[in-house]
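Okay, here's what each chain looks like letter by letter:
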Amino acid sequence: MSFSKASDLLRLAEMATSRHNGVALQEIEEEFGVDRRTAQRMTKALEDCFPNVETRKDGERRKFWKLRGEDARLMLTRGIRNSELAAVEMGIRRAEREGATNEVKALTSLRDRLLSIMPGPHARRAEADAEAVLEAHGFASRPGPRVRVEPNILATIAEALKAPNMLTIGYTGERDNAARERLVEPYGLLLGIRRYLVAREKGGDGRFRHFRLDRVSSARLEAHSFPRDPEFDLDAHAGRAFGSYHAEAEYGEVVWRFAPSAAPIAREFVFHPQQKMTDEPDGSLTVRFHASGWLEMAWHLYQWGDRVDVLAPEGLRSLVASHQRSDFPALP
């Protein structure tokens, strides 16, 4: 067996161990870029090398191969690749830059646990190699301004979301002179320049509301839980807005047309998860989606200067009409 095939077999064993239901032929084909016959030969090699591998079929008669963790001790000798450890380190640094304290703790714990199972020399070498990768390539983060949020408040909200538990927040609304306590059912977070907690207020009208985290002065986890609405989908809810601000009165079709000079750049953007793009005969690009949040749209469109026209809605068209400049040296 060649070195590359041995490496592929160990990777297949990792997949069969880490996935709850095991690994299927289609997943092997996609992971390794092979055809069905080669995938079948790989599963035969897996069965030969790991006699305790289990197989089963689902309701659609698809076959799965599952390797129990205690039967995969051979894989521990592979240790952690420097690129894998570097990816974890980069995730920690991104989370630190973005103030995501819970993610920092979780990723740091994961990194330490992975290193703890490795032989000392291997662990030290992996750490050194990962540091070299980070120094050579840098690490990514989300640049730009953001509103500061207290880490302990974020941690409490995260705990409430996981359970889920009721949450009492001290919140200062637009019409409040001071913070007042509100008992809410937390459903998720919307992240952007500002961060919002999506929640339903206990004893309210049953509607989902957005609470700005920079206006939350305190958060207390309650002992009792609540039944989540099975119909609620955070992604679908977030998709009703362009950014993190929702305005039901503004919800509707949005149509933008980018000039031919801006079309290649605009084509690389995901303005909205359900967007539809149309290449026009003159080289321009039309983008359509349904959302609300005209003000956040206007803030974004300003960066495109006079190389984008708002075809709909009329309210947004009027909002940006007198603010389209032609002297920007670059596009977003």
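Residues numbered from 1 in each chain as written. Predicted model: local features only at pLDDT ≥ 70, side-chain atom pairs only at ≥ 80, totals over all residues. Heavy atoms only, no water.

Brief notes about helix α2 (residues 25-32)
Of the residues making up α2, those classed as buried are Leu25, Ile28, Glu29 and Phe32. Looking straight down α2, one finds its buried side chains confined to an arc of 100 degrees; they lie on one side. Positive phi appears at Gly33, one or two residues downstream of α2, with a value of about 65 degrees. (Buried < 20%, exposed > 50% of the residue type's maximum accessible area, 1.4 Å probe, protein only. Helix = DSSP H or I, 4+ residues; strand = E, 2+ residues; numbered from the N terminus. Arc of directions from axis to C-beta.)

Thoughts on the sheet that holds strand β5 (residues 180-190)
If you trace the five strands from one edge of the open sheet to the other, you get β7-β6-β5-β4-β8, paired in antiparallel fashion. The outermost strands of the open sheet, each flanked by one partner alone, are β7 (209-212) and β8 (216-225). Strand-to-strand twist of the sheet, defined as the mean angle between neighbouring strand axes without regard to direction, takes the value 45 degrees. Sheet analysis places strand β4 (residues 165-171) next to β5, joined by five bridges and oriented antiparallel. By the bridge assignment for β5, Gly170 is matched with Glu181. Along the sheet face, helix α8 (residues 151-162) touches β4, β5, β6 (196-201) and β8 and points at about 25 degrees away from the line of β8. (Pairing = 2+ DSSP bridges. Axes fitted to C-alpha atoms, helices over the stretch in contact; angles between N-to-C directions. Contact = heavy atoms within 4.5 Å.)

A look at the sheet that holds strand β2 (residues 54-57)
In spatial order, the strands read β1-β3-β2; together these three strands make up an open sheet with antiparallel pairing. Each edge of the sheet is formed by a strand with only one pairing partner; in this case those strands are β1 (23-24) and β2. In terms of strand pairing, β1 meets strand β3 (residues 63-66) through two bridges, oriented antiparallel. Each residue of the ladder has a partner; that of Val23, found in β3, is Trp65.

Here we look at the environment of Gly243
Within the secondary structure, Gly243 is located in the loop between α9 (234-238) and β9 (252-258). Given the relative accessible area of 31%, Gly243 is considered partly exposed. Spatially, the C-alpha atoms of Gly243 and Gly293 are 6.8 Å apart, while their sequence positions differ by 50 residues.

Section: the side chain of His246
Following the sequence through the fold, His246 ends up in the loop between α9 and β9. With residues up to four places along the chain from it excluded, the contact list for His246 reads Leu190, His210, His237, Ala238, Arg240, Ala241 and Ser292.

What to know about the confidence of the model for the protein chain
In the predicted model, the protein chain carries a mean pLDDT of 84, and 84% of its residues have values of at least 70. Considering each helix and strand of the protein chain separately, the mean pLDDT is smallest for helix α7 (residues 120-137), with a value of 50, and largest for β9, with 98. Predicted confidence for residues 132-141 stays below pLDDT 50, and this span has 17 contacts to residues more than four positions away or in other chains. (pLDDT = per-residue confidence, 0-100.)

Brief notes about the packing of aromatic side chains
Taken as a whole and judged by the stated rule, the model has 16 aromatic pairs. A ring pair is formed by Phe242 and Trp256, whose centres lie 5.7 Å apart and whose planes are at 70 degrees; its orientation type is edge-to-face. Highlighted residues: Phe242 in the loop between α9 and β9 and Trp256 in strand β9, separated in sequence by 14 residues. In this structure, Phe242 and Trp256 share a single accessibility class: buried. Ring centres of Phe242 and Phe289 lie 6.2 Å apart, and the angle between their planes is 20 degrees; on these two criteria the pair is classed as stacked. On the criterion of sequence distance, the pair formed by Phe242 in the loop between α9 and β9 and Phe289 in strand β11 (residues 285-291) is long-range, its members being 47 residues apart. Of the two residues examined, Phe242 and Phe289, each falls in the buried class. Members of the aromatic cluster, each reached through a chain of ring pairs, are Phe242, Trp256, Phe258, Phe269, Phe271, Phe289 and Trp304. (Phe/Tyr/Trp six-rings, centres within 6.5 Å; stacked < 30°, edge-to-face > 60°.)

Some words on the nonpolar core
In terms of nonpolar packing, the biggest core is built from 21 residues, with Trp256, Phe258, Phe271, Phe289, Met297, Trp304 and Leu316 touching the most fellow members. At the level of elements, β9, α10 (263-266), β11, α11 (294-301), β12 (308-312) and α12 (314-320) are the ones that each hand at least two residues to this core. Take this core: its biggest share by element is four residues, from β11. Residues in contact with Phe271, not counting those within four places in the same chain, are Phe242, Trp256, Phe258, Ala266, Met277, Val287, Phe289, His300 and Trp304. Among the nonpolar cores identified, the runner-up in size contains 16 residues, and Ala13, Leu25, Leu46 and Val53 belong to it. (Core = buried A, V, L, I, M, F, W, Y, C linked by side-chain atoms within 4.5 Å.)

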